[in-house]
Protein chains: 2
Amino acid sequence: MSSPGSSTLAETVAAGSPIAQAFELIAPKLELVEQELQDGFRSPIRTIQEVADHVLEGGGKRLRPTLLLLVAKMLGYEGRQDVVFGALVEFIHTASLIHDDIIDDSAVRRGRPSINYKWGNHLSVLIGDYLYLHAIRMGLEVGDLSIVQMLCAATIDLTEGEILGLQNNGRSDLTTDEYFDLVGRKTAALFGASARVPAMLVGLEASRQQKLWDYGYKLGIAFQIVDDLLDFTSNEAMLGKPVLADLKDGKVTLPVILALPRANDAERRKIESVLRTGTFDEAPAEEIQRIVAHYDAIEETRAIARRFADGCKECLAEFTPSPAREALEFAADFVLEREK
Amino acid sequence: MSSPGSSTLAETVAAGSPIAQAFELIAPKLELVEQELQDGFRSPIRTIQEVADHVLEGGGKRLRPTLLLLVAKMLGYEGRQDVVFGALVEFIHTASLIHDDIIDDSAVRRGRPSINYKWGNHLSVLIGDYLYLHAIRMGLEVGDLSIVQMLCAATIDLTEGEILGLQNNGRSDLTTDEYFDLVGRKTAALFGASARVPAMLVGLEASRQQKLWDYGYKLGIAFQIVDDLLDFTSNEAMLGKPVLADLKDGKVTLPVILALPRANDAERRKIESVLRTGTFDEAPAEEIQRIVAHYDAIEETRAIARRFADGCKECLAEFTPSPAREALEFAADFVLEREK
């Protein structure tokens, strides 16, 4: 179900390794998640079904359900609710992407026309609403109030993160603290929640539940930092969207935050002109990339992402070693090394 | 908290009557709902707080919380959860209005600039998301799974109704069945849910819960029919939006559905031209109003609304007479006679 060129976590694992074995163990459940996504997004209303088909054909890395299932495997969870919650977190993620496309006025998502481009902003808003609510309905049907509460809180975090993103748009004085608060809400909270769900399903003690939340949260931060980095280092063919698209949209990310105080006045004005005008009229994209790279902001950003990835591995230390635990550690490397 | 010129249900009651007494009895709870709306929509994120202040200043009829509190009073509910759920249904309604403004590209809502006009579509989407999720969080905190499930289902209905609205946009062949399905989801389901919440809070038997759902549902249908009617019969000063705005937006409502088969070819083409072009270039608004009125479509639509209003009163027959029950019956007349 993945889109062309987009590797899933499992696809990047060396065949025959213990990690590959862990992925083989969760593969049937990932299939069930895929089935749940198909079934859950079915509707007698024609328009919903049409958009559903488009969204599901587009696929995705299914990173959040994969994490959730690996944690469930590591904890020896035997039930079927991990599948439901795996689909649930993917629905939440998908809803946020659909609404994010409205925010960015994006014409392309995962290399294909985005929903709002194809069907208009109006329908995109409603389909996103439908998916959020459907996800919550799925959780309520399982009947575990505390898990739905946690997922609802993480989804509110996500929304608040997006609102902070708008609020901070174009601000060249954004601090690293503000950046991490934003990224924590926008991306890391749902990763944290995904990793914590199985801990709640098996009734793990609070401190170990927290460790798994921390694992997911730190992994999510690393994931988002790498995402922001790719805006500077990748190319349109790989990303499926233009390079420096974030900067052009007024999004101030870690490489820029690190480069700005080190740049000279002329360079700083060039970066700020992109943020202000949303164009490269005063400084071509290549020049901006050169400035940011010149002040080691790329390498330093990568090092920070690596620290978060290492930190998330440490959160797993107290859990009994197993192929699933190895796969979760591997996820951190995957997130660091991904190219799209 | 009501906006200038917008009467609440209570304000239209004759002073000293038993109904006025019922409204006096719920007035302190309505104040608490208002407080809950203020408290619930508070955020450390500046942008959320700014939009919250704008939305809450705008007020509204608070019709859904009023119904909920009146039913709670009629059933002798003594707790405080009716206040929480009263705020919850108002938040859901508010979220849907905010997202509806994106759909209609409306510049004015309740006589004031709409959120999307003032802050842009992007933020409007996220604020609506935030409100939906916050509403669900409130319900989850109360901890009654079945009530949150019902409210979640009604909110999905609402979203599906809006999607159907888009799907049917501009369709001059819309049937009355399709119209009632759309209106049932878009408006009546949340009314039904609001009236049913107190029945669940006091643990009423299923058949009586259903009666209260039916009461709210039929009232909601009557409410929406009158809303659609006002598009033809009111004026911009009263409505706070231009007359025939719905028709211009491609929305085919009951008066049009009734008039179209009776109109002659030339008249039908005029109505269809408004639906198709979104302008009055081929037929001025006054002429469209004249055509629809000429075929008794206005009077007949009003009669259908009255039938639903009468039907909703009948649903209350088996409940012990009380000022609260009288007030709920009065709500049906209020809905029929409202002028905005």
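It should be emphasised that the depicted structure is a prediction, and the values quoted were computed from it without experimental measurement.

Could you give me a rundown of the overall build of chain A, with the residues and numbers involved?
Of regular secondary structure, chain A possesses 16 helices and two strands. The C-alpha atoms of chain A give a radius of gyration of 20 Å, which matches the 20 Å a tight globule of 340 residues would have. Projected onto the principal axes, the alpha-carbon positions of chain A cover approximately 60 × 50 × 35 Å. In chain A, buried positions account for 50% of the 340 residues. In chain A, the proportion of contacts linking residues at least 24 apart, taken out of those at least 6 apart, comes to 73%.

Tell me about the packing of helix H6 (residues 121-142) of chain A against helix H7 (residues 145-167) of chain B, and name the residues and values.
Packing of H6 of chain A against H7 of chain B brings their axes to within 9 Å, and their N-to-C directions diverge by 160°. One finds that H6 of chain A runs roughly antiparallel with respect to H7 of chain B. Of the two elements, H6 of chain A crosses H7 of chain B, and the hand of that crossing is left-handed. Contact residues: H6 of chain A offers His122, Leu123, Leu126, Asp129, Tyr130, Leu133, His134, Ile136, Arg137 and Leu140 of chain A, while H7 of chain B offers Leu145, Val148, Gln149, Cys152, Ala153, Thr155, Ile156, Thr159, Glu162, Ile163 and Leu166 of chain B.

Requested: an account of unusual backbone geometry, with residues and values cited.
Despite not being glycine, Asp296 of chain A shows a phi value in the positive range, around 60°. Note that Asp296 of chain A resides in the loop between helix H14 (285-294) and helix H15 (297-314). Using a count of 14 C-beta atoms within 10 Å as the deciding quantity, one classes Asp296 of chain A as partly exposed. In this model, Leu244 of chain B sits at a positive phi of 60°, which is unusual for a non-glycine residue. Judged by C-beta crowding, with 17 C-beta atoms within 10 Å, Leu244 of chain B ranks as partly exposed.

An account of the relation of the copies chain B and chain A is requested, with residue identities and associated values reported.
Structural alignment of chain B on chain A gives an RMSD of 0.0 Å, achieved by rotating through 180° and translating 0.0 Å along the axis. Taken together, the rotation angle and the small translation identify this as a two-fold axis. Taken as a fraction of all interface residues of chain B, those also at the interface in chain A reach 100%, which identifies the copy contact as same-surface.

Go over the interface of chain B and chain A, please, and point to the residues and values.
On the side of chain A, 35 residues touch chain B, which itself brings 35 residues to the contact. Secondary structure elements with two or more residues in the side of chain B that touches chain A: helix H2 (46-58), helix H4 (81-104), helix H6 (121-142) and H7 of chain B. The biggest single contributor to the side of chain B that touches chain A is H7 of chain B, with 14 residues.

Quick one: what's the story with the environment of Glu329 of chain B, residue by residue and with numbers?
Residue and element names in this part refer to chain B. Mapped onto the elements, Glu329 comes out in helix H16 (residues 323-337). The spacing of Glu329 and Leu219 is 110 residues in sequence and 9.8 Å in space, taken between C-alpha atoms. When neighbours within four sequence positions are excluded, Glu329 is seen to be in contact with Lys313 and Leu316.

Please give an account of the packing of H6 of chain A against H6 of chain B that cites residues and values.
The N-to-C vectors of H6 of chain A and H6 of chain B enclose an angle of 20°; their axes lie 11 Å apart at closest approach. In terms of orientation, H6 of chain A and H6 of chain B fall into the roughly parallel class. The way H6 of chain A lies across H6 of chain B gives a crossing that is right-handed. Residue-level inspection shows Asn121, Val125, Asp129, Tyr132 and Ile136 of chain A of H6 of chain A in contact with H6 of chain B, the latter providing Asn121, Val125, Asp129, Tyr132 and Ile136 of chain B. Taken together, the residues that form the contact of H6 of chain A with H6 of chain B break down as six nonpolar, two polar and two charged.

Go over the confidence of the model for chain A with me, naming the residues and quoting the values.
Residue and element names in this part refer to chain A. Averaged over every residue, the pLDDT of chain A is 90; the share at 70 or more is 91%. Of all the helices and strands in chain A, strand S1 (residues 108-109) carries the lowest mean pLDDT, 62, while helix H8 (residues 176-201) carries the highest, 98. Contacts for the low-pLDDT stretch residues 1-5, under 50 throughout, to residues beyond four places or in other chains number 12 contacts. With pTM at 0.92, the complex prediction returns an ipTM value of 0.91.

Account for helix H13 (residues 265-277) of chain A, with residues named and values stated.
Its 13 residues place the ends of H13 of chain A 18 Å apart at the C-alpha level, agreeing with the 18 Å of an ideal helix rising 1.5 Å per residue. Downstream of H13 of chain A by one or two residues, Gly278 of chain A has phi in the positive range, about 65°.

Talk me through the environment of Ala52 of chain B; I want residue IDs and the actual numbers.
Looking at the element boundaries, Ala52 of chain B is found in helix H2. With 20 C-beta atoms counted inside 10 Å, the residue Ala52 of chain B sits in the buried group.

Account for helix H14 (residues 285-294) of chain B, with residues named and values stated.
Two residues of an α-helix separated by three or four positions point the same way, owing to the 3.6 residues in each turn. Residues and elements named next belong to chain B. Within H14 the residues assigned to the buried category are Ile288, Ile291 and Val292. One side of H14 holds all its buried residues, which, seen down the axis, span an arc of 95°. Structural note: H14 exposes Glu286 and Arg290 on the side pointing more than 90 degrees away from its buried face. Taken together, the buried residues of H14 touch helix H9 (206-233), helix H11 (245-248), helix H12 (254-259), helix H13 (265-277) and helix H15 (297-314). Immediately beyond the C-terminal end of H14, within one or two residues, lies Asp296, with a positive phi of roughly 60°.

Would you mind going over the environment of Ala27 of chain A in detail, with residue names and values included?
Secondary-structure assignment places Ala27 of chain A in helix H1 (residues 18-40). Overall, the presence of 12 C-beta atoms within 10 Å leaves Ala27 of chain A in the exposed class.

What counts, and where the lines are drawn
- Residues numbered from 1 in each chain as written.
- Chains lettered and ligands numbered in written order.
- Predicted model: local features only at pLDDT ≥ 70, side-chain atom pairs only at ≥ 80, totals over all residues.
- Helix = DSSP H or I, 4+ residues; strand = E, 2+ residues; numbered from the N terminus.
- Rg over C-alpha atoms; globule rule 2.2 N^0.38 Å.
- Buried ≥ 20, exposed ≤ 12 C-beta atoms within 10 Å, placed from the backbone.
- Contact = placed C-beta atoms within 7 Å.
- Axes fitted to C-alpha atoms, helices over the stretch in contact; angles between N-to-C directions.
- Parallel < 35°, antiparallel > 145°, perpendicular 65-115°, else oblique.
- Left-handed = near helix turned anticlockwise from the far one by under 90°.
- Least-squares fit on C-alpha atoms with pLDDT ≥ 70 in both.
- Nonpolar A, V, L, I, M, F, W, Y, C, P; charged D, E, K, R; others polar.
- pLDDT = per-residue confidence, 0-100.
- Expected span 1.5 Å × (residues − 1).
- Arc of directions from axis to C-beta.

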